[in-house]
Amino acid sequence: MFLYFIKKWKSQGDDMNPTLLFEIMLIGLLGIGSQWIAWRFRMPAIVVMSITGLLIGPIFGWINPQEDFGNLYDPFISVAVAIILFEGSLNLRFKELTGIGRPIFRIATLGAFIAWILGSLTAHYIAGLSWAVAFVIGGLFIVTGPTVIMPLLRQSKLKPRPAKILKWEGIIVDPIGALLAVFAFEIILYLTADDPSGKRLIIFFVASLFAALFGWLCGRWIGWMFERGYIPEFLKSPTVFIVVILCFTIPDEIVHSTGLLSVTAMGLTLANMGVSSVTEMRHFKENMSILLISAIFIMLTASLQLETLLQIFQPNIIGYVLLMMFAVRPLSIFLSTIGTNLTLNEKMLVGWIAPRGIV
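Residues numbered from 1 in each chain as written. Predicted model: local features only at pLDDT ≥ 70, side-chain atom pairs only at ≥ 80, totals over all residues. Heavy atoms only, no water.

Another point: the overall build of the chain. Scanning the chain from N- to C-terminus turns up 16 helices and zero strands. Along the first, second and third principal axes, the C-alpha set of the chain runs to 60 × 55 × 50 Å. A buried classification covers 48% of the 359 residues belonging to the chain. Pairs at least 24 residues apart make up 79% of the contacts formed inside the chain by residues separated by at least 6 positions. (Helix = DSSP H or I, 4+ residues; strand = E, 2+ residues; numbered from the N terminus. Buried < 20%, exposed > 50% of the residue type's maximum accessible area, 1.4 Å probe, protein only. Contact = heavy atoms within 4.5 Å.)

Set out below in structure tokens:
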């Protein structure tokens, strides 16, 4: 019924377009509706949400959140991703690393580096992108991310070992991928500048270190306040919510994408302090995360252009996607886990599951 009214309003001219309030309501309704359909028919929620967003956005042209939200679009998406990443990092407890710490470390470091290099080479030689764009895209495409991994793990019910590996990789590599893309961009600016200076690169590395330290300090401070009883129960969730935004915004204003590293460090710190209040808030954070994931998937897919979708079906793009799925990802996992205690089946499973993160 709502879509019928939108279609009718669109057909009557711009003066009859739905209001922004109506569009916010519609995005929330369709997002949660997609989650329910996915649960009811045991389908991946991200698939249903993506199809829904494509239908109401580029295919039928009923809404375009990027245009309709204007300057609020990017900040909303950024804050939503930060909250989702923080909520995911609250589930990372170091005691889970018993027996799987080495493969997780290797995948998040060596595996990410191999995937970046191979993905960049594939983007250049197969997709036909310039070296500059290829290395930026290669950095972004190592990301799986909690926005896609966590819903998949919730539905797939994998065995504990591969599930933990995929969870840790998705959350830890998420900010690493964003930082690699920014690092590649800064290197490109440095190499193509008329008067190259290493100042921007130094600022990037210092800002990254600051972001990690700032996130750790925010986590320790919140945990200390909770343990000492300086924050009442009714203010604990709102306080954490605001501090997460603070923790993301300050570093991100200095160097873009470092905020993701900061909120990951904050969540990881809080998760391992053993603060009982944080455990009690986990359900609230998880519910908020589900709501935000539902909203941003609808918004992002609905904001795509039809011309962009059609370009995906070019042979070189299809070849690039197939190589990323069946060659780059499995190869990076197999090479990075040589000498670990992962079985062949576990390597194949982890190498096969690699949905791209929303970052």
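After presenting the structure, the write-up continues.
For the rest of this paragraph, the subject is the pattern of salt bridges. The tally for this structure, following the rule as stated, stands at five salt bridges. Across the salt bridge formed by Glu169 and Arg329, the nearest N and O atoms sit 2.6 Å from each other. A residue pair is termed long-range when its members are at least 10 positions apart, and Glu169 in helix α9 (residues 160-192) and Arg329 in helix α15 (residues 315-336) qualify at 160 residues. Overall, Arg329 belongs to the buried group, its relative accessible area being 7%. The shortest N-O distance in the salt bridge between Arg200 and Glu186 comes to 2.9 Å. In this pair, Arg200 sits in helix α10 (residues 199-228) while Glu186 sits in helix α9, placing the two residues 14 residues apart along the sequence. The partly exposed category is assigned to Arg200, whose relative accessible area is 46%. Owing to a relative accessible area of 10%, Glu186 belongs among the buried residues under this scheme. (Salt bridge = Lys/Arg side-chain N within 4 Å of Asp/Glu carboxyl O.)

A word on the nonpolar core. Ranked by size, the top nonpolar core spans 68 residues in total, and within it Phe86, Phe226, Val263, Met266 and Leu270 carry the most contacts. Among the elements that take part in this core, helix α13 (residues 276-302) stands out by supplying eleven residues, more than any other. Discounting chain neighbours no more than four positions away, the residues touching Phe226 are Ile231, Lys236, Val240, Val275, Ser277, Val278 and Met281. (Core = buried A, V, L, I, M, F, W, Y, C linked by side-chain atoms within 4.5 Å.)

Turning next to the packing of helix α6 (residues 101-125) against α15. Two numbers describe how α6 lies on α15: the axes approach to 9 Å, and their chain directions differ by 150 degrees. Relative to α15, the element α6 is oriented roughly antiparallel. Relative to α15, the crossing made by α6 is right-handed. For the pair α6 and α15, the contacting residues are Arg106, Ile107, Leu110, Gly111, Ile114, Ala115, Leu118, Gly119, Thr122 and Ala123 in the first and Tyr320, Leu323, Met324, Val328, Leu331, Ser332, Ile333, Leu335 and Ser336 in the second. Of the residues in the contact of α6 with α15, the class split is 13 nonpolar, five polar and one charged. (Axes fitted to C-alpha atoms, helices over the stretch in contact; angles between N-to-C directions. Parallel < 35°, antiparallel > 145°, perpendicular 65-115°, else oblique. Left-handed = near helix turned anticlockwise from the far one by under 90°. Nonpolar A, V, L, I, M, F, W, Y, C, P; charged D, E, K, R; others polar.)

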